[in-house]
Amino acid sequence: MNNFRFWSPTEFVFGKNTVGNVGQLVKQYGGTKVLIHYGGQSAVKSGLLAQVESSLQNEFIEYVKLGGAQPNPVDTLVYEGIDLCRKENVNFVLAVGGGSVIDSAKAIAAGALYAGDFWNFFEGTVTINRALPVATVLTIPAAGSEGSPNMVITKTTAGKLKRGTGSPLLRPVFSIMDPVLTFTLPANQTAYGIADMMAHVMERYFTQTRGVEVTDRMCEAVLLAVVKEAPVVIREPENYEARANIMWAGTVAHNGICGVGREEDWATHGLEHELSALYGVAHGAGLAVMFPAWMKYVYTSGVDRFVQFAIRVWGIEDTGDKKEVALKGIQALKDFFSSLGLPVNFAQLGAKAADIDQLIDTLKINSRGSLGNFRKLDMKDARAIYTIAAE
Ligand code: NZQ
Ligand code: ZN
């Protein structure tokens, strides 16, 4: 096990009827002038936004609103949010929505206290050393941004560059998580979220670090719970217990606890971000296509770990033929994604093999030519993995 530091200061306020606490919580964490940031229409239609506003009003907290964060959030709205925060002297950013809204809120929170262009954070030329406090009311379990220090934004000018960065300062101070808010999620969004949270665990699970039994078992527990509850939430969208388990799984999958003491991989996220940047597809949909393809390409670099995954997570019989067992585990994951209605190849995603050159061009810039740790990949490897996904 490697040395590690783990710091996850977010206060999670979880359960039914927790949204009404938002005003008190903002006050507790020092917010007096709030930017409420939200997405398209879901939070307005469900009445959630009105509920949040009324809770802030009850505490006499002033606020301004900025909606319109789109899935795969873009830089243009971040600039707008930064201007608004400065003009209105905002001192607290409250995201009401999913990963896209939260990430956009984080970029606004960091950008508002930085005199230069916030995109410099994503270029890696400037470190985030100040940010307004961010909090969330989560409406979709998926990205895990409600507990993570990361954000992912797409730059719309000069080609579409989708990039991630982060800072411990961007971990939300609190996140309100009411599983009832997720009842309105359509089956496809629910499934995209499930693929993303499983991917967050697997990016950490597939490691060459030895002696990480505790985190291995935690990763496996989260995956097993998701595999059990996922079909239930698809079949019964208003099943509270299943929604609650999926919601919490999405957070623990990505707040860092499943990665402590080990080297993490993240090649598949790098490969996927090019797909969601180019085609505007949901991040979870792209991951469902790319993860099995990545696995098929790299499993021989650490077959024992793939055997463990197959046996412990998917209950594959240990025949002693490591290659066969590993491949059965990969197939089980792919079949599971299919059973949730997720795409598992380029055609189902709406991606084209003919675009692989273009994907590689931007991947080369964003990854600076190399990806992953389980097996270090270059652009030739990345091309081979996209080709497997296109088959
Ligand atoms: O915009 P509205 O109308 O709210 O609709 C959203 C959106 O269309 C809808 N939705 C959300 N809650 C709903 C709902 N519809 C009905 N009922 C509800 N309760 O769902 C759609 C997708 O929302 P989005 O926020 O885009 O989903 P997600 O949470 O999957 O976020 C995806 C983004 O997060 C990034 C991804 O790359 C992508 O840009 N990621 C962020 C990470 C992080 N910050 O740590 C890590 C992840 O790996 C990921 O890369
Ligand atoms: Zn993800």
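Note that the structure is predicted; figures quoted are calculated from it, not measured.

Caption draft 1: Examining the site of ligand 1 more closely. Taken together, 31 residues are adjacent to ligand 1, and G40, S42, G99, S100 and D103 come closest. Between ligand 1 and N72, the relevant distance is 3.4 Å, taken from an oxygen atom to a side-chain nitrogen or oxygen of the residue. Contacts to ligand 1 include D103, whose side-chain N or O atom sits 2.7 Å from a nitrogen atom. In isolation ligand 1 has 960 Å² of accessible area, and contact with the protein removes 88% of it. Along the lines of polarity and charge, the residues of the shell around ligand 1 split into 9 nonpolar, 19 polar and 3 charged.

Caption draft 2: Spatial organisation of the domain arrangement of the protein chain. What the domain assignment lists for the protein chain is domain 1 (11-181) and domain 2 (186-390). Look at where the C-alpha atoms of domain 1 and domain 2 centre, and you get two points 26 Å apart. Listed as interface residues are 26 residues of domain 1 and, on the opposing side, 26 residues of domain 2. Between domain 1 and domain 2, roughly 2,200 Å² of surface is buried when both sides are summed, and carbon and sulfur atoms account for 60% of that area. Among the residues domain 1 hides against domain 2, the three largest losses belong to P141, K162 and P179. Together they make up 26% of the total. Joining domain 1 to domain 2, the criterion identifies 0 salt bridges. One can count 8 residue pairs in polar contact (both at pLDDT 80 or more) joining domain 1 with domain 2. Of all elements in the fold, only β1 (11-14), β6 (150-155) and β7 (161-166) reach the threshold of two or more residues within the side of domain 1 that touches domain 2. When residues of the side of domain 1 that touches domain 2 are assigned to their parent elements, the largest contribution, 3 residues, is made by β7. Of the residues in the side of domain 1 that touches domain 2, the class split is 12 nonpolar, 6 polar and 8 charged.

Caption draft 3: Looking closely at the pattern of salt bridges. One pass over the full model with this rule turns up 17 salt bridges. A salt bridge links K27 to E59, with the nearest nitrogen and oxygen atoms 3.3 Å apart. One end of the pair, K27, is in helix α1 (residues 22-28); the other, E59, is in the loop between α3 (48-58) and β3 (62-66), and 32 residues separate them in sequence. The partner of E88 in a salt bridge is K87, with the nearest N and O atoms 3.8 Å apart. Under the relative-accessibility criterion, E88 is labelled partly exposed at 26%. In the salt-bridge network here, residues are joined through shared partners; they are K33, E62, K87 and E88.

Reading the values: the criteria
Residues numbered from 1 in each chain as written. Chains lettered and ligands numbered in written order. Predicted model: local features only at pLDDT ≥ 70, side-chain atom pairs only at ≥ 80, totals over all residues. Heavy atoms only, no water. Near = heavy atom within 4 Å. Polar contact = N/O pair within 3.5 Å; in protein donor to acceptor, adjacent residues only side chain to side chain. Areas by Shrake-Rupley, 256 points an atom, 1.4 Å probe, with all protein chains shown as cover. Nonpolar A, V, L, I, M, F, W, Y, C, P; charged D, E, K, R; others polar. Domains from an automatic or database assignment. Contact = heavy atoms within 4.5 Å. Buried area = accessible area lost by both parts, 1.4 Å probe. Salt bridge = Lys/Arg side-chain N within 4 Å of Asp/Glu carboxyl O. Helix = DSSP H or I, 4+ residues; strand = E, 2+ residues; numbered from the N terminus. Buried < 20%, exposed > 50% of the residue type's maximum accessible area, 1.4 Å probe, protein only.

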